[in-house]
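Listed here are the chains, written in short residue letters.
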Amino acid sequence: MAILKAAGKLKTIAGKQTVLLSEKAIANTKDAGNFLTDIADIFLFVGRIIRETFSGGFEFKEFLRQCYQIGYKSLPLISITGAIMGLVLTIQSRPVLADFGAVTMLPSMVSLSLIREMGPVITALICAGKIGSGMGAELGSMKVTEQIDAMEVSSINPIKYLLVTRVLAATIMIPLLTIYADALGIAGSWAGANIKGDVSLVLFFSQAFAPVEMIDVLPAVIKTFFFGAVIGLVGCYKGYNAGSGTQSVGVAATSAVVMASLLVFIVDMIAVQITDLIIS
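All figures in this text were calculated on a predicted structure; none of them were measured in a lab.

Q: Give me the packing of helix α4 (residues 106-144) against helix α8 (residues 214-240): which residues, what numbers.
A: Where α4 meets α8, the axes come as close as 8 Å, and the angle between the chain directions of the two elements is 15 degrees. On the basis of their axis angle, the class for α4 and α8 is roughly parallel. Viewed along their axes, α4 and α8 form a crossing whose handedness is right-handed. Each residue belonging to the contact of α4 with α8 can be placed in one class, and the counts come to 16 nonpolar, seven polar and five charged.

The following block contains the structure:
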């Protein structure tokens, strides 16, 4: 009898373990299915925006308004960031170059660093935090309050009016903001160089732009267009697909910043690899 009872207990335990394993397998399958569904939704979303971009009836006034919101409203933040970026880079690099007797290389080093990498990436990250979160929150609140549904009922295409204009505005304005940040960064570098020295503005800028070539500028500018497109697409996707309830607005804004920042690094890594292959 004892043996039969022990066997029954083992059978019961084995049955429970089998049920737990089955539930875990089902949960993992659902998670994998949800991930693949999200990837498919993203591709469909991007494809729909591309299709609506090249169809007729472009919302030019809304596009200009978004350029104003994304570009002009970001100038104070980008100005401060660009100037501090060049100033700090100069102050940190000057002692190291002085140890090797290469202080005269400071302007060219700062300009190449800003133009090639630091300017585009830091500007894109700043824009991902400001613009991406703004798009996610604004579109998320419109989704929660059913304003997007009201636009569809009123025969207004929300994809063309809300999303296409925002994506195109971000794609165009972020490269301009990057160039502006680079210029202020070099000016901030000149200010930093004059803290412990006396360098004229004309001499500093001539030394800064002497080693700069088209292969340094062109890839950096091209990848900023992709940065802008990624930030605009992510912000619009998260906001447009926000769930119900006010909490989803905050979730959409936060996830837009995180995903846009991550994709900026990924796009930058790909761009650097492609540029290295072209140069070599």
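Q: Requested: an account of a nonpolar patch on the surface, with residues and values cited.
A: Taken together, the side chains of Ile215, Leu262, Ile266, Met269, Ile270, Ile274, Ile278 and Ile279 present a nonpolar region at the surface, about 760 Å² in accessible area. The element best represented in the nonpolar patch is helix α9 (residues 247-279), accounting for seven residues. Following the sequence through the fold, Met269 ends up in helix α9.

Q: Run through the nonpolar core, naming residues and quoting values.
A: In terms of nonpolar packing, the biggest core is built from 37 residues, with Leu163 and Ile231 touching the most fellow members. Put simply, the parts of the chain that give this core at least two residues each are α1 (2-53), α2 (60-70), α4, α5 (147-153), α6 (158-193), α8 and α9. Looking at which element gives the most residues to this core, the answer is α6, with 11 residues. Setting aside its immediate chain neighbours within four residues, Ile231 contacts Ala124, Cys127, Ala128, Ile131, Gly132, Met135, Ile174, Ala260 and Val264.

Q: So what's going on with the packing of aromatic side chains? Which residues, and what values?
A: For any two aromatic rings, the description comes down to two numbers: the centre-to-centre distance and the angle of the planes. Counting across every chain of the model gives seven aromatic pairs. With a centroid separation of 5.2 Å and 75 degrees between ring planes, the pair formed by Phe45 and Tyr237 is classed as edge-to-face. One end of the pair, Phe45, is in helix α1; the other, Tyr237, is in helix α8, with 192 residues separating them in the sequence. An aromatic cluster is defined as three or more aromatic residues linked by ring pairs; in this entry it consists of Phe45, Tyr237 and Tyr240. In this structure, Lys143 packs its charged tip against the face of Tyr240, placed 5.1 Å from the ring centre.

Q: Go over unusual backbone geometry, please, and point to the residues and values.
A: One non-glycine residue, Glu146, adopts positive backbone phi at about 65 degrees. For Glu146, the location among the structural elements is in the loop between α4 and α5. The class of Glu146 is exposed, set by a relative accessible area of 53%.

Q: If you had to explain α2 to someone new, which residues and values would you point to?
A: For an α-helix the count is 3.6 residues per turn, leaving residues at separations of three or four pointing the same way. Three or more residues of α2 are buried, namely Glu62, Phe63, Gln66, Cys67 and Ile70. The buried residues of α2 all sit within an arc of 145 degrees when viewed along its axis, so they share a single face. Looking at the buried side of α2, the elements it contacts are α4 and α6.

The rules behind each value
Residues numbered from 1 in each chain as written. Predicted model: local features only at pLDDT ≥ 70, side-chain atom pairs only at ≥ 80, totals over all residues. Heavy atoms only, no water. Axes fitted to C-alpha atoms, helices over the stretch in contact; angles between N-to-C directions. Helix = DSSP H or I, 4+ residues; strand = E, 2+ residues; numbered from the N terminus. Parallel < 35°, antiparallel > 145°, perpendicular 65-115°, else oblique. Left-handed = near helix turned anticlockwise from the far one by under 90°. Nonpolar A, V, L, I, M, F, W, Y, C, P; charged D, E, K, R; others polar. Patch = residues over 30% accessible without salt bridge, like charges linked within 9 Å, V, L, I, M, F, W, Y side chains within 5 Å. Areas by Shrake-Rupley, 256 points an atom, 1.4 Å probe, with all protein chains shown as cover. Salt bridge = Lys/Arg side-chain N within 4 Å of Asp/Glu carboxyl O. Core = buried A, V, L, I, M, F, W, Y, C linked by side-chain atoms within 4.5 Å. Buried < 20%, exposed > 50% of the residue type's maximum accessible area, 1.4 Å probe, protein only. Contact = heavy atoms within 4.5 Å. Phe/Tyr/Trp six-rings, centres within 6.5 Å; stacked < 30°, edge-to-face > 60°. Lys NZ or Arg CZ within 6 Å of the ring centre and 35° of its normal. Arc of directions from axis to C-beta.

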